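Summary of the model geometry
The residues making up each chain are set out below.
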Amino acid sequence: MNTIQTFLDSLEQKNPFVMNSKQYSNYKKTITLPQSKPRLLLHSCCGPCSTSVIERLVDFFDITVIYYNPNIYPDEEYIKRQNEQEKFLTQHFAKIPQI
């Protein structure tokens, strides 16, 4: 068993709502896509929260990320998290815009 599969299986045991890789593969096979991808505005409260969601939805939607979280204080921390969100999108999904 490879490391990724082991990791996914352990997540599934801890949280039954997390899809394992087999479930995700089946999900991708069964979903029917329209001719063009629907658009999705995805709220992100911080970079780490949105990474997995983006990875799972990018095949099915044209995503625009809106980063907003007024509960982060001080302002420097807000900017730091916003920059990490931008860095993730730039490195992995250059075509996904961020508002």
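If you're wondering where the values come from, they're calculated on a predicted model, not measured in any experiment. (Residues numbered from 1 in each chain as written. Predicted model: local features only at pLDDT ≥ 70, side-chain atom pairs only at ≥ 80, totals over all residues. Heavy atoms only, no water.)

1. Digging into the overall build of the protein chain
Looking only at helices and strands, the protein chain features four helices and two strands. Counting helices and strands in the order they occur from the N terminus, the protein chain gives α-α-β-α-β-α. Out of the 99 residues belonging to the protein chain, those deemed buried represent 25%. (Helix = DSSP H or I, 4+ residues; strand = E, 2+ residues; numbered from the N terminus. Buried < 20%, exposed > 50% of the residue type's maximum accessible area, 1.4 Å probe, protein only.)

2. As for the pattern of salt bridges
This model, assessed by the stated rule, comprises one salt bridge. Taking the shortest distance from any N to any O, the salt bridge between arginine 81 and glutamate 77 comes out at 2.9 Å. Highlighted residues: arginine 81 and glutamate 77, both in helix H4 (residues 75-92), separated by four residues, approximately one helical turn. (Salt bridge = Lys/Arg side-chain N within 4 Å of Asp/Glu carboxyl O.)

3. With respect to the nonpolar core
With nine residues, the main nonpolar core is built from Leu42, Ile54, Val58, Ile63, Val65, Phe88, Leu89, Phe93 and Ile96. When residues of this core are traced back to their parent elements, those giving at least two are strand S2 (62-67) and H4. (Core = buried A, V, L, I, M, F, W, Y, C linked by side-chain atoms within 4.5 Å.)

4. Notes on the pairing of S2
Sheet topology places strand S1 (residues 39-44) next to S2; six bridges connect them, and they run parallel. Residue serine 44 lies in a different strand from S2, and its bridge partner there is tyrosine 67. Note on the crossover from S1 through helix H3 (residues 47-57) to S2: the handedness is right-handed. (Pairing = 2+ DSSP bridges. Right-handed = clockwise from strand over helix to strand, strands pointing away.)

5. Details of H4
Between its first and last C-alpha atoms H4 spans 26 Å; for 18 residues at 1.5 Å apiece the expected length is 26 Å, and the two agree. Every buried residue of H4 is listed here: Tyr78, Gln82, Gln85, Phe88 and Leu89. Burial along H4 is one-sided: seen end-on, the buried residues are contained in an arc of 115 degrees. Turned more than 90 degrees from where H4 packs its buried face, Glu76, Lys80, Thr90 and Gln91 sit exposed. In this structure, the buried side of H4 is in contact with S1, H3 and S2. (Expected span 1.5 Å × (residues − 1). Arc of directions from axis to C-beta. Contact = heavy atoms within 4.5 Å.)

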